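Okay, here's what each chain looks like letter by letter:
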Amino acid sequence: SLASTPPDAEIRQMGAAFERDWDSLQQPPPDECGGRRFVVFSFGSNIFGLGAQLHYLSLVASYAFHTNRTLIAAPQDTWWYASASDCPSRSLECYLMPLSTCTASNAHTPHSGPTVFASLSPQDPSLFSSTRETARVVFTG
């Protein structure tokens, strides 16, 4: 019902609070990245279309936000929309701005918290050989 719809001012406040919280997770000063917990995002070897891949990214972003983790893209990936000759890393960042001021190297320091790796493919080998990996999240259809 319309009576339960929040007023515009409340919606703006909630949006501003979310944006502030998201920015504090995703855009910290680079010298503050060492002690964080991360989700490392990878497309892996998948056959899904761009819409499905972006939907997957939104799921991983939601997971990162709700578990208070910084979301970063894998520095090396196999994204099929990125040509190896044009962008050897074949990662999300071939075409889009970095997801965070933190990098994958921050996820593997002795001071970083546990890291979660998120991949679309259950066959995707770990992009990182890390003893700090505590979980692997695989999204399947």
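Residues numbered from 1 in each chain as written. Predicted model: local features only at pLDDT ≥ 70, side-chain atom pairs only at ≥ 80, totals over all residues. Heavy atoms only, no water.

**Here we look at the overall build of the protein**
To be explicit about the condition: What counts as a helix is a DSSP run of H or I of at least four residues, what counts as a strand is a run of E of at least two, and both are numbered from the N terminus. Accessibility here uses a 1.4 Å probe with only protein chains present; expressed as a share of the type maximum, an area under 20% marks a residue as buried, one over 50% as exposed, and anything in between as partly exposed. Residue-level accessible areas treat just the shown protein chains as cover; the underlying method is Shrake-Rupley with a 1.4 Å probe.
Helices and strands together make up the secondary structure of the protein, namely 2 helices and 4 strands. The linear arrangement of helices and strands in the protein, starting from the amino end, is α-β-α-β-β-β. Burial status across the protein gives 36% buried among its 141 residues. If you sum the accessible surface of the protein, you get close to 8,100 Å²; carbon and sulfur atoms cover 59% of it.

**Topic: the state of the cysteines**
Threshold: Two cysteine sulfur atoms form a disulfide, by the criterion used here, when they sit within 2.5 Å.
Throughout the structure, instances matching the rule amount to 2 disulfides. Note that Cys 33 is cross-linked by a disulfide to Cys 102, the S-S spacing being 2.1 Å. Here the S-S torsion is close to -85°, and the disulfide linking Cys 33 with Cys 102 is therefore left-handed. In this pair, Cys 33 is assigned in the loop between α1 (8–26) and β1 (38–42) and Cys 102 in the loop between β2 (70–73) and β3 (115–119), connecting sequence segments 69 residues apart. With respect to class, Cys 33 is no different from Cys 102; both count as buried. Taken in N- to C-terminal order, the disulfide-linked cysteines of the protein are connected 1-4, 2-3.

**Brief notes about unusual backbone geometry**
Although it is not a glycine, Asn 68 sits at a positive phi angle of roughly 55°. Here the phi dihedral of Arg 90 falls at roughly 50°; this positive angle occurs in a residue that is not glycine. Along the polypeptide, Arg 90 turns up in the loop between β2 and β3.

**Regarding the nonpolar core**
Quick reminder of the rule: By convention a nonpolar core is built from buried Ala, Val, Leu, Ile, Met, Phe, Trp, Tyr and Cys residues, the set being connected through side-chain atoms within 4.5 Å.
With 18 residues, the main nonpolar core has Val 39, Phe 41, Leu 57, Val 60, Leu 71, Leu 92 and Leu 99 as its most contacted residues. Among the secondary structure elements, those contributing two or more residues to this core are β1, α2 (50–66), β2 and β3. Per-element accounting of this core gives the leading share, 5 residues, to α2. Counting residues in hydrophobic clusters, the runner-up holds 9 residues, among them Val 40, Ile 72, Ala 74 and Ala 107.

**Focus: the side chain of Ser 89**
Just so we agree on the cut-off: What makes two residues a contact is simply this: any of their non-hydrogen atoms within 4.5 Å.
Within the secondary structure, Ser 89 sits in the loop between β2 and β3. Setting aside chain neighbours within four positions, we find Ser 89 in contact with Pro 75, Gln 76, Asp 77 and Cys 94.

**A word on the environment of Leu 57**
Mapped onto the elements of the fold, Leu 57 is located in helix α2. If near-sequence neighbours (up to four positions away) are discounted, Leu 57 is found in contact with Phe 41, Leu 71, Leu 92 and Leu 99.

**Observations regarding the packing of aromatic side chains**
For the record, the criterion: Note on aromatic contacts: the rings of Phe and Tyr and the six-membered ring of Trp form a pair at centre separations within 6.5 Å, being stacked when their planes are under 30 degrees apart, edge-to-face when over 60 apart, and tilted otherwise.
Inspection of the entire model under this criterion finds 7 aromatic pairs. With centroids separated by 5.7 Å and ring planes inclined at 70°, the aromatic side chains of Trp 79 and Tyr 81 adopt a geometry described as edge-to-face. Tyr 81 sits in the partly exposed class, given a relative accessible area of 36%. For the ring pair Trp 79 and Tyr 95, a centre distance of 6.1 Å and an interplane angle of 70° mean the geometry is edge-to-face.

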